[in-house]
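Summary of structural features
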Amino acid sequence: AALPPRDNSTGTCRKTKVAILGAGVAGITAAQALSNASVSDFVIIDRNDYIGGRVTHTQFGKKADGTPYTVELGANWFQGLGVTNGPENPIWTLGKKYGINNTYSNYSSIISYDEKGPSEYLELMDKWDEAYAVCQAESGDILTENLQDVSVRTGLSLAGWRPQKDMHAQAVEWWEWDFNAAQPPESSSLLFGVAGENATFNYFSDENNFVWDQRGFNAMINGEANEFLKEGDDRLMLSKKVTTVDYSDNSVKVQLEDGSCIEADHAICTFSLGVLQNEVVTFEPELPQWKLEAIQSFSMSTYTKIFMQFNETFWDENTQFFLYADPHERGRYPVFQSLSGPGFHEGSNIIFVTVTADQAYVVENQSDEETKAEVMEVLRSMFPAVEIPEPTAFFYPRWNHQEWAYGSYSNWPVGVTLERHQNLRANVDRLWFAGEATAPLFFGYLQGAWYEGQEAGQRVASLLGGDIYGENSGPMKNYEVLHGTTFEDEYEDENGWDLDTFENNNAE
Ligand SMILES: Cc1cc2nc3c(=O)[nH]c(=O)nc-3n(C[C@H](O)[C@H](O)[C@H](O)COP(=O)(O)OP(=O)(O)OC[C@H]3O[C@@H](n4cnc5c(N)ncnc54)[C@H](O)[C@@H]3O)c2cc1C
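Note that the coordinates shown come from a computational prediction; the quantities given were computed from them, not determined experimentally. Throughout this description, residue numbers start from 1 for each chain and increase along the sequence as written. Selection of residues for local features in this predicted model requires a pLDDT of at least 70, selection of side-chain atom pairs for listing and counting requires 80 or more, and totals for whole chains, interfaces and linings are taken over all residues. Computation of side-chain values: all heavy atoms of the structure, hydrogens and water removed.

Quick notes on the environment of Ala 461
Structurally, Ala 461 can be placed in helix α13 (residues 446-463). Categorising residues by exposure relies on relative accessible area from a 1.4 Å probe, with only protein chains included: less than 20% of the type maximum marks a residue as buried, more than 50% marks it as exposed, and the intermediate range marks it as partly exposed. With a relative accessible area of 0%, Ala 461 lands in the buried category. Distance from Ala 461 to Asn 472, taken between C-alpha atoms, is 9.7 Å for residues eleven residues apart in sequence. Think of it this way: any DSSP run of H or I at least four residues long counts as a helix, any run of E at least two long counts as a strand, and we number them from the N terminus.

Here's the deal with the state of the cysteines
Note: disulfide means a covalent bond formed between the sulfur atoms of two cysteine side chains. When two cysteine sulfur atoms are found within 2.5 Å, that pair is recorded as a disulfide. Counted under the stated rule, the structure contains one disulfide. The disulfide bridge from Cys 13 ends at Cys 261, spanning 2.0 Å between sulfur atoms. Sign of the S-S torsion, about -90° for the bond between Cys 13 and Cys 261, identifies this disulfide as left-handed. In this pair, Cys 13 is assigned in the segment before β1 (14-21) and Cys 261 in strand β13 (residues 261-269), connecting sequence segments 248 residues apart. Classification of Cys 261 as buried rests on a relative accessible area of 2%.

Focus: the confidence of the model for the chain
pLDDT is defined as a per-residue confidence score from the predictor, taking values between 0 and 100. On average, the chain scores 96 in pLDDT, and the residues at 70 or more come to 98%. Here residues 1-10 scores under 50 on pLDDT; set against residues more than four positions off or in separate chains, the count is 16 contacts. Contacts between residues were defined by any pair of non-hydrogen atoms, one from each residue, lying within 4.5 Å.

Structural notes on the site of the ligand
We call a residue near a given molecule or strand whenever any one of its heavy atoms falls within 4 Å of it. Lining the immediate surroundings of the ligand are 35 residues, of which Asp 46, Arg 54, Val 242, Glu 436 and Leu 446 lie closest. One nitrogen or oxygen atom from the main chain of Ala 26 is found 2.9 Å from an oxygen atom belonging to the ligand. N or O atoms closer than or at 3.5 Å make up a polar contact, with two conditions inside protein: a donor-capable atom paired with an acceptor-capable one, and, for residues adjacent in sequence, both atoms drawn from side chains. Between the ligand and Leu 446, the relevant distance is 2.8 Å, taken from an oxygen atom to a main-chain nitrogen or oxygen of the residue. The protein chains hide 99% of the 1000 Å² of surface that the ligand would expose on its own. When contributions to the shell around the ligand are tallied by element, the ones reaching two or more residues are α1 (25-36), β5 (77-79) and α13. A per-element tally of the shell around the ligand places α13 first, with three residues. Here the nonpolar group is Ala, Val, Leu, Ile, Met, Phe, Trp, Tyr, Cys and Pro; Asp, Glu, Lys and Arg are the charged ones; every other residue, Gly included, is treated as polar. Of the residues contributing to the shell around the ligand, the split by class is 16 nonpolar, 13 polar and six charged. Using the Shrake-Rupley algorithm and a 1.4 Å probe, accessible areas are obtained, with residue cover drawn only from the displayed protein chains.

As structure tokens, this is what we get:
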């Protein structure tokens, strides 16, 4: 049972060595790393009433026996599994350990459509593949030769991929890039966007396995937590919202909304980038400029799955994906994914469509009825020969409205450097940061949260005198000042800089 709230005004907070803020993947791996280093005096605090954070599910629709299906609202795939006798994605290792039900996502199992019905344009994928291979080489050159970063859009254009007003090519591009990054190529760094894809899909493997486990994907995170938490363990504090984090170089005080507080030697904050950007939690003193700049430099994408159940499967039940090219708007209800076929919720008549970025913001601000009407119109144009009934169940989450997440996962914008990213990771005194967004190689993925939580836990454990972990010991590096590449004397005529922008001729 949770300890009774303490009266903060008398200065009596619950004392612990490490306060872990957030019970998502990063929070749980941080706690596990502490436990493994024999540091058992910690608490894990989360405002939600479950373990898993952005690994979360809901009950949806009905089976023949009237009971609902479990569908994942957040993370849904094991992305990049591993190679025999080579590195394995730790998330995949956990999936196998807990027997999480999943099925290989066959990205070749796809039919293309436009507003007039089925339309054959998948051959454009070969052209995309050629251009993307050029981007991969270019990303490698930027990294190894220390060249200036460009956007994925720039890289693709230089490689000859210019979809412009060809809406079929736009649909293919969305499928190939936005479906994963949840942001368009112009918002993504070529260097880090491509390197990140390589880290997951080349270093591990290019497989994506889709989870349809009825216990929920987070069963494995619960399983891991139960390895070091006892039943009813009072170190797990769920349904507790952190409002203020008061940090210094010798302790951290965490204030909770219910008036209670926790005093710790260290705190590990695993809140999402969206939470940090929107200042839901107050840090005292204010975080230093290098940290604030890092937080506001990265972007939080939104990835929204809109679930529908029908009383029949009117689409091809052996196909996994249905790509739709809207005639006017790129990314408008672009990919429908069937859960009714073999290997998924077979015979469920469930299909869902994913929207990201701007289109996700639009649907998240619409009523269910408005969105349902739009999706139905699209489906009816894709399947003109079918009399499509109204769905019997309809649901979607609103990630960008969730105060505990403010979006789905992070993306690396063009021109933001590795040093800036390190500033996102680095601790400020005894306040540590970990999570999906702090992962330089695996940002956006579960494995990113896993590695970062573990590293923060190990570093804190090393400072507390726990079993020491090689290089993951002690404080993290940070960069107080990040310089640009242009010196003041280069702002001159030869570079077309022929007026003084500090001069104000318009002043009163
Ligand atoms: C729609 C969607 C689809 C995705 N698809 C995939 C996928 O297929 N494969 C993949 O690998 N990854 C996917 N991801 C990414 C993956 O879910 C994340 O990388 C990972 O779950 C992040 O874990 P985390 O521990 O860093 O953060 P979180 O899971 O966000 O954990 C942080 C915790 O902090 C808590 N918190 C926030 N504010 C407060 C507060 N004030 N007080 C107390 N607690 C607070 C939150 O409740 C949360 O539980 C997806 C994410 C989303 C949203």
